[in-house]
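A structural walkthrough
Residue strings, one per chain:
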Amino acid sequence: MVGHRQREPGDSRDPAHGADRARGHAHPLARVRGGGRPAARARRHAGLGEDHGHDRVRPARESGRRRRRAPRIRRGDGATPGARVSGADAVKPTVTEAVDRLADDLERLSHRIHDTPELAFKEEQAHGWLAEFLEKHGARVERGVGGLATAFRATIAGMGAGPTIAIMAEYDALPGIGHACGHNVIATAGVGAGAALAALGTLPFAGRIQVIGTPAEEGGAGKVKLMDAGVFDGVDAAMMIHGRCGTQVWRPSLGIIKVKVEFFGQAAHASSWPWRGVNALNAVIALFNALDAMRQQIRTDARIHGVITKGGEQANIIPEYTSAEFYLRAITVPYCHELLRRFTAAAEGAATAAGCRVQVTADPTVHEPLKPNPTMAEAFRRNLQYIDFPEDPDDGQAGYGSTDCGNVSQRLPTIHPYIRISPDGVPGHSREFAEWSRSPLARAGMLAGAKALALTALDLLASPEALARAKHDFTREGGNA
Ligand SMILES: [Zn+2]
Ligand SMILES: [Zn+2]
């Protein structure tokens, strides 16, 4: 337990309290702040648009009347007047039951990954356990795909030639704070979906569903490497879930340019000859101060943040070399480049002030913002309703992060919905969120994610019209939005 704030006994924020709830068989979401009866909340939130503030998607009721875009899914009857029967509905109960049967095994796997945090590109154990799990349940697994030792691809075959729908799984941890981004939940939701689909035997539709294990989301842009290596060639649509302090089918993500800055000065005795030195630490401090002054003049949704990775060797030596790493983030890639231009000017100014030489090296891999796909988002939303898992309004209390899934979304139709695995207001990348990633709420979110991913993949595989609409969205939505 990490004491970030005082907790009262029985506080719903306390993961231990969640465990009590689970033992009492209460619905794990029922008492979360901002919660309520899940089914009622699902219905209440069913009309929410998905693209907050951008008006890309109309409320569901309206879109059903005016556009009739997404396949209509209802419990029990399988078909809705005015919409083509997708065929997926007939097998959905079997798939959700398979996820429920696997629930305890999936939770154990999630905890094992959580207890063994592995950093980007070093997720060897997680890779092995996840691949083994999928294989055991009937998927054909290729390990080490795309030249990445810890990537994998599991295929669940359908009936002959047809489209490929991919479900992505992440499993890397963060340095120092473990699974504080909840990738253990992403991983087990993805392989849970794959294993449940494999329980159908051959999928009763043309094509195939793949679970692609994508290493190194935190800082390594593993998905970009896999795309470059051709692993996503032939994939028609891709999806994943990410844990969060609320369930939102659509939230934007920011683009990132990663930058390394180095200052080169001159060493000298810090006491007897300081005037003979050129202090590279002064330059890096001046850069941080210049960036702090710059913040008022950048767009409010842009972010510049960094750490000093080398600040000198010892206090009695004037630092001759310092370095720092920064992320420059913005909602569009062009504005990321504008931030890079201004960052470089600030670094040059800091170097001039300190008398140093400077080198700014931008990582050639640019993280791109997520491109929305209303058709796929709507299908996912309806599947959440089908399993009675509530969608939450975005409370606007957090800014946006970034993901290498953004690059996938700029290449092919993709969704990246968020699923509640913690109470409201728990920041990602915090020790508190790491605890919640191993809680009963995380179990509930993981199982809901597995089901909704599997059902949405089936919807796209079973309905050529739905997939065509998703592709049309992709073409229409423009790039790097
Ligand atoms: Zn993260
Ligand atoms: Zn993450």
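Just so it is clear, the model here is predicted, and its values are computed rather than measured.

1. Side note on the coordination of the zinc ion (ligand 1)
Coordination of the zinc ion (ligand 1) by the protein is provided by Cys181 (SG), Glu218 (OE) and His429 (NE2), with metal-donor distances spanning 1.9 to 2.2 Å. Site description for the zinc ion (ligand 1): donor spacing in sequence, C-x36-E-x210-H. Between the zinc ion (ligand 1) and the zinc ion (ligand 2) the interatomic distance amounts to 3.1 Å, and Cys181 serves as a bridging ligand to the pair. A residue pair is termed long-range when its members are at least 10 positions apart, and Cys181 in the loop between strand E3 (164-169) and helix H6 (183-198) and Glu218 in the loop between strand E4 (208-213) and helix H7 (222-228) qualify at 37 residues. There is no split in this pair, since Cys181 and Glu218 are both buried.

2. Quick look at unusual backbone geometry
Backbone phi values are negative for most residues with the exception of glycine, while trans is the configuration of most peptide bonds. For Asp388, which is not glycine, the phi torsion reads 60° and is therefore positive. Residues other than glycine seldom take positive phi values, yet His429 does so here, at roughly 60°. Mapping His429 onto the fold places it in the loop between strand E12 (418-420) and helix H12 (431-436).

3. Side note on the packing of aromatic side chains
This model, assessed by the stated rule, comprises 5 aromatic pairs. On the numbers, 5.9 Å between centres and 15° between planes, the contact of Phe152 with Tyr171 is stacked. Placement of the pair is Phe152 in strand E2 (residues 152-157) and Tyr171 in the loop between E3 and H6, with a sequence separation of 19 residues. Taken individually, Phe152 and Tyr171 each receive the classification buried, so the pair is uniform in this respect. One aromatic cluster is present, formed by Phe288, Phe326 and Phe343 through successive ring pairs. We note Arg357 situated over the ring of Phe264; from NZ or CZ to the ring centre the distance is 4.2 Å. Sitting over the ring of Phe474, Lys371 keeps its end group 3.8 Å from the ring centre.

4. Observations concerning empty space enclosed by the protein
Applying the stated criterion across every chain yields a total of 3 cavities of 30 Å³ or more. Estimates place the volume of the largest cavity at around 50 Å³. Considered class by class, the residues forming the lining of the largest cavity number 7 nonpolar, 3 polar and 1 charged.

5. A look at the packing of helix H13 (residues 440-462) against helix H14 (residues 464-476)
The contact between H13 and H14 brings their axes to 5 Å, and the two run at 100°. Relative to H14, the element H13 is oriented roughly perpendicular. Where H13 abuts H14, its residues Asp459, Leu460 and Ala462 lie against Pro464, Ala466, Leu467 and Ala470. Residues belonging to the contact of H13 with H14 are distributed by class as follows: 6 nonpolar, no polar and 1 charged.

6. Topic: the sheet that holds strand E7 (residues 255-264)
An order of E8-E9-E7-E10 is seen for the 4 strands of this open sheet, with the pairing classed as antiparallel. Both outer strands of the open sheet, strand E8 (303-310) and strand E10 (357-362), are each paired with one neighbouring strand and no more. Within this sheet the neighbouring strands show an average axis-to-axis angle of 20°, counted without direction. In this sheet, strand E9 (residues 321-330) lies alongside E7 in antiparallel orientation, the contact comprising 10 bridges. Bridge pairing links Lys258 to Tyr327 in E9. The strands touched by helix H8 (residues 280-294) are E7, E8 and E9; relative to E9, the strand with the most contacts, the crossing angle is about 20°. Sitting on the sheet, helix H9 (residues 333-354) is in contact with E7, E8, E9 and E10, with an inclination near 15° to E7.

7. Comments concerning the packing of helix H4 (residues 92-115) against H6
Put simply, H4 and H6 touch, their axes get as near as 9 Å, and they point 145° apart. The two elements H4 and H6 meet at a crossing, and its hand is right-handed. On the side of H4, the interface is formed by Val95, Ala98, Val99, Leu102, Leu106, Leu109, Ser110, Ile113 and His114, while H6 contributes Asn184, Val185, Ala187, Thr188, Val191, Gly192, Ala195, Ala196 and Leu197. Of the residues that constitute the contact of H4 with H6, the class distribution is 13 nonpolar, 5 polar and no charged.

Rules used throughout
Residues numbered from 1 in each chain as written. Chains lettered and ligands numbered in written order. Predicted model: local features only at pLDDT ≥ 70, side-chain atom pairs only at ≥ 80, totals over all residues. Heavy atoms only, no water. Donors = N, O, S within 2.8 Å, 3.2 Å for Na, K, Ca; no water. Helix = DSSP H or I, 4+ residues; strand = E, 2+ residues; numbered from the N terminus. Buried < 20%, exposed > 50% of the residue type's maximum accessible area, 1.4 Å probe, protein only. Phe/Tyr/Trp six-rings, centres within 6.5 Å; stacked < 30°, edge-to-face > 60°. Lys NZ or Arg CZ within 6 Å of the ring centre and 35° of its normal. 1 Å grid on protein atoms, 1.4 Å probe; cavity = no way out; pocket = protein on both sides within 12 Å on 5 of 7 lines; lining within 4 Å. Points joined across faces, edges and corners; volume = space filled by probe spheres on them. Nonpolar A, V, L, I, M, F, W, Y, C, P; charged D, E, K, R; others polar. Axes fitted to C-alpha atoms, helices over the stretch in contact; angles between N-to-C directions. Parallel < 35°, antiparallel > 145°, perpendicular 65-115°, else oblique. Contact = heavy atoms within 4.5 Å. Pairing = 2+ DSSP bridges. Left-handed = near helix turned anticlockwise from the far one by under 90°.

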